[in-house]
Amino acid sequence: MRLSALYLLSACLALAATDPESIQPTKKAPYIQPPEAARAELAGALKAYMAKEPGTFGAHPSAKDFPGIVEGKERVSRLVSYDANLVYRWDTNAGNAPNLATSPDVWQETGLYAAPGEIITVKVASLPENRVVKVIVGCHRDSLLKLEKWNRFPIINRAFELKNGDNKIANPFGGQLFIQSQHKDYRKPVKTSPASPLLFSNAVAAPTYVLDKDTPATWAKSQLNPAPWTTLVGHQVILHVQSSQLQSLSDPKALLEWWDKAMALEDDLIALHRLAPERVVPDRQISAGFMHSGYPFMCWLDPSQKDSIDLPKLMKEGNWGFFHELGHNHQRTTWTFEGQTEVTCNLFSLYVMEKLVGKPQGRGHPAMEKLDELLIKRLAPVPSVGPFEQLATFVVLIRAHGWEPLRETLRSYATNPTPKGATKEQLRTIFVERYGQASKADVSEYFERIGYPVSDRTKAALKDFPAFKPTLPTAGK
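Cut-offs applied
Here the residue index of a chain counts from 1 through its sequence in written order. pLDDT decides what is reported in this predicted model: residues at 70 or higher carry local features, side-chain atom pairs at 80 or more are listed and counted, and totals for whole chains, interfaces and linings draw on all residues regardless. As a rule here, side-chain values come from all non-hydrogen atoms in the structure, and water together with hydrogens is ignored. Two strands pair under a simple rule: DSSP has to find at least two bridges between them. The numbering of helices and of strands both runs from the N terminus, where a helix is a DSSP run of H or I of at least 4 residues and a strand a run of E of at least 2. Residues enter a nonpolar core if they are buried and are Ala, Val, Leu, Ile, Met, Phe, Trp, Tyr or Cys, with the set joined through side-chain atoms within 4.5 Å. We call a residue buried when its accessible area falls under 20% of the maximum for its residue type, exposed when it is over 50%, and partly exposed in between, using a 1.4 Å probe and counting protein chains only. Every axis in this analysis is a line fitted to C-alpha atoms, fitted for helices over the stretch in contact. Angles between the N-to-C directions lie between 0 and 180 degrees. The scheme is simple: roughly parallel for angles under 35 degrees, roughly antiparallel for over 145, roughly perpendicular for 65 to 115, oblique for anything else. The hand of a helix crossing depends on one turn: near helix anticlockwise from the far one by less than a right angle means left-handed, and clockwise means right-handed. In what follows, residue pairs with any heavy atoms lying within 4.5 Å of each other are defined as contacts. Take the number of residues in a helix, subtract one, and multiply by 1.5 Å to get its expected span. Only Asp, Glu, Lys and Arg are considered charged in this grouping, and only Ala, Val, Leu, Ile, Met, Phe, Trp, Tyr, Cys and Pro are considered nonpolar; every other residue, Gly among them, is considered polar. Each Phe, Tyr or Trp ring, with Trp reduced to its six-membered ring, pairs with another whose centre is within 6.5 Å; inter-plane angles below 30 degrees give stacked pairs, above 60 give edge-to-face pairs, and intermediate values give tilted ones. Put simply, a charge is over a ring when the Lys NZ or the Arg CZ is close to the ring centre, within 6 Å, and near the line of the ring normal, within 35 degrees.

A.B. asks: What am I meant to see in the sheet that holds strand S12 (residues 229–233) here?
C.D. replies: Each strand in a sheet pairs with another by means of backbone hydrogen bonds, the pair being arranged parallel or else antiparallel. Here six strands make up an open sheet; going across it, the order is S11-S12-S13-S14-S16-S15 and the pairing mixed. Whereas interior strands pair on both sides, the edge strands pair on one side only; in this sheet they are strand S11 (208–210) and strand S15 (291–292). Two elements, strand S14 (residues 278–283) and strand S16 (residues 297–300), share four bridges in a ladder whose sense is parallel. The residue of S16 that forms the bridge with Asp-283 is Trp-300.

A.B. asks: Honestly, the nonpolar core in this entry has me stumped. Any pointers?
C.D. replies: In globular proteins that are soluble, nonpolar side chains generally tend to be buried together. If you look at the biggest cluster of nonpolar residues, it comprises 73 residues, and the most contacted ones within it are Leu-232, Leu-239, Leu-255, Trp-259, Phe-431 and Phe-447. Judged by nonpolar contacts, the second largest core, of 24 residues, contains Tyr-31, Leu-42, Ala-206 and Leu-301.

A.B. asks: Looking at this structure, how should I read the packing of helix H7 (residues 320–328) against helix H8 (residues 345–357)?
C.D. replies: A packed helix pair is summarised by two numbers, namely the angle formed by the two axes and the spacing between the axes. One can describe the packing of H7 onto H8 by two numbers: an axis separation of 7 Å at closest approach and a directional angle of 130 degrees. Put simply, H7 runs oblique to H8. Where H7 crosses over H8, the two elements pack in a sense that is right-handed. Between H7 and H8, the contacting residues are Trp-320, Phe-323, His-324, Gly-327 and His-328 on the first element and Cys-345, Asn-346, Phe-348, Ser-349, Leu-350, Val-352, Met-353 and Val-357 on the second.

A.B. asks: Quick question: what am I supposed to make of helix H10 (residues 387–401) here?
C.D. replies: Since there are 3.6 residues in each turn of an α-helix, residues three or four apart along the chain are aligned in direction. For H10, with 15 residues, the first-to-last C-alpha span of 22 Å sits near the 21 Å given by 1.5 Å per residue. Among all positions of H10, only Phe-388, Glu-389, Gln-390, Leu-391, Ala-392, Thr-393, Phe-394, Val-395, Val-396, Leu-397 and Ile-398 are buried. The first or second residue beyond H10 is Gly-402, which carries a positive phi of 80 degrees.

A.B. asks: What should I look at first to understand the packing of helix H4 (residues 253–270) against H8 in this one?
C.D. replies: Taken N-terminus to C-terminus, the directions of H4 and H8 make an angle of 130 degrees; their axes are 10 Å apart at the nearest point. Looking at the two axes, H4 sits oblique to H8. Pair H4 / H8 crosses with right-handed handedness. Every residue of H8 that contacts H4 at Trp-258, Lys-261, Ala-262, Leu-265, Glu-266, Asp-268, Leu-269 and Ile-270 is listed here: Leu-347, Phe-348, Tyr-351, Val-352, Lys-355, Leu-356 and Val-357. In terms of residue class, the contact of H4 with H8 is built from eleven nonpolar, no polar and four charged.

A.B. asks: What's the story with the packing of aromatic side chains in this structure? I'm lost.
C.D. replies: A ring pair, where both rings are aromatic, is described by two values, the distance of the centres and the angle of the planes. Going through the model one piece at a time under the given rule, you end up with 23 aromatic pairs. Centre to centre, the rings of Tyr-209 and Trp-219 are 5.9 Å apart; their planes meet at 90 degrees, and the pair counts as edge-to-face. In this pair, Tyr-209 is assigned in strand S11 and Trp-219 in helix H3 (residues 216–222), connecting sequence segments ten residues apart. Residue classification places Trp-219 among the buried positions, given a relative accessible area of 0%. Look at Tyr-446 and Phe-468: their rings are 5.3 Å apart centre to centre, the planes differ by 75 degrees, and that puts the pair in the edge-to-face class. Taken as a pair, Tyr-446 in helix H13 (residues 444–449) and Phe-468 in the segment after helix H14 (456–462) lie far apart in primary sequence, 22 residues in all. Across this residue pair, the class does not change: Tyr-446 and Phe-468 are buried. Each member of the aromatic cluster is reached from another via a ring pair, and the members are Phe-337, Phe-394, Phe-431, Tyr-435, Tyr-446, Phe-447, Tyr-452 and Phe-468. Over the face of the ring belonging to Tyr-452 we find Arg-428, whose NZ or CZ atom lies 5.2 Å from the ring centre. Across the ring face of Tyr-413, the terminal group of Arg-434 is positioned such that the distance to the ring centre comes to 4.5 Å.

As structure tokens, then:
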């Protein structure tokens with residue numbers, strides 16, 4: 001009897017460990033993953049649960065905790081138009097299309113929300129040729145499966161590929177509804193005729209504000225919609241915010257205009273031709289770091305959600321972290337070299353901090369207040385190559401020549417791409433030559449001192465310019 005009871009208890013515990021609806025983590029009571037040997041089975045069970053057919057599940061018990069439930073029973077039907085040719089966020093044919101941190105996909109707004117577990121029908125009259133059209137349910141894209149501890153259920157985002165006719169979609173956690181258009185075969189020509197609108201039924205109206213379309217009056221009416229998450233849509237940036245955090249915001253216009261200016265500056269620094277906005281999503285827990293780049297750009301609810309909508313604070317202090325992560329979305333391997341992933345993204349932080357927020361040149365982060373100390377470490381016999389030590393060497397250039405030569409250099413990659421197959425050393429010397437030509441200075445010696453290889457060709461191209469010999473600090477002075 002005792003062995004049978006122990007076996008039964010063991011079986012029950014094993015079943016509970018892989019029962020997705022028994023996993024209900026919260027911020028105060030997180031779920032701790034089982035030993036490594038059991039994690040693959042658990043991950044498989046959770047993925048299978050999130051792939052179940054609509055109608056075979058209801059709301060997950062922890063949906064109420066995060067991302068939230070829908071108060072009230074009112075549901076709507078709505079025709080939603082979309083642009084089937086809006087596939088990328090930026091022009092991928094441009095020479096400076098970012099290629100480091102993020103894929104170029106786009107989610108298009110519907111202004112609708114799915115209640116947890118409820119079936120929404122999407123009626124499709126016809127699909128555009130050479131396109132895969134999906135409905136995304138939930139903006140919280142991060143998977144937490146690789147983390148030891150979960151403060152929310154690890155997967156709460158779903159995607160459904162649409163077919164002609166009626167499509168049933170649902171998510172046990174609910175979420176905002178987006179339309180995504182993707183290439184089926186990019187090698188075939190694209191028909192540019194407008195795509196037929198999609199008819200959503202049994203959806204929830206979500207609070208939504210669209211810059212230059214909505215007014216304080218329409219916004220006040222939209223705020224009455226019962227979805228727990230709100231979307232604020234600018235031309236360059238889209239903000240997702242818990243509806244409860246926006247009750248005192250009477251007009252999002254100035255906030256979104258500020259965000260648009262910030263993003264326009266980042267785009268300007270590399271001549272980026274933007275086709276669709278970046279997307280900022282705060283989450284209970286994210287997959288890596290304090291924030292991380294990508295689409296959407298992810299940050300924690302506390303404190304980043306409040307900071308993203310605090311216009312007086314943004315105007316006065318800026319936000320290095322936001323500018324940094326969005327800077328990652330602008331990086332390119334042709335001018336971001338080994339060890340610089342966390343360096344060149346901060347050029348965008350410096351640029352926006354100065355041009356929009358009004359911080360002194362080369363400032364905006366506490367680390368940059370001690371520029372001489374950073375330079376001493378960077379130029380030591382055994383150089384420090386930390387992100388701020390490396391950034392300090394760019395600040396030397398910016399203070400000597402202003403922003404324009406660096407801006408001209410970065411923008412040059414849009415119209416004058418580097419040769420295909422160029423080596424790392426060749427890419428570095430190309431950057432040096434372009435910067436020297438833009439600044440009208442022979443910067444060969446300076447860049448060699450900070451570890452860049454400089455070819456004889458580049459030295460010859462710059463030799464007629466005045467030599468750049470900045471006064472640099474040394475240890476003990």
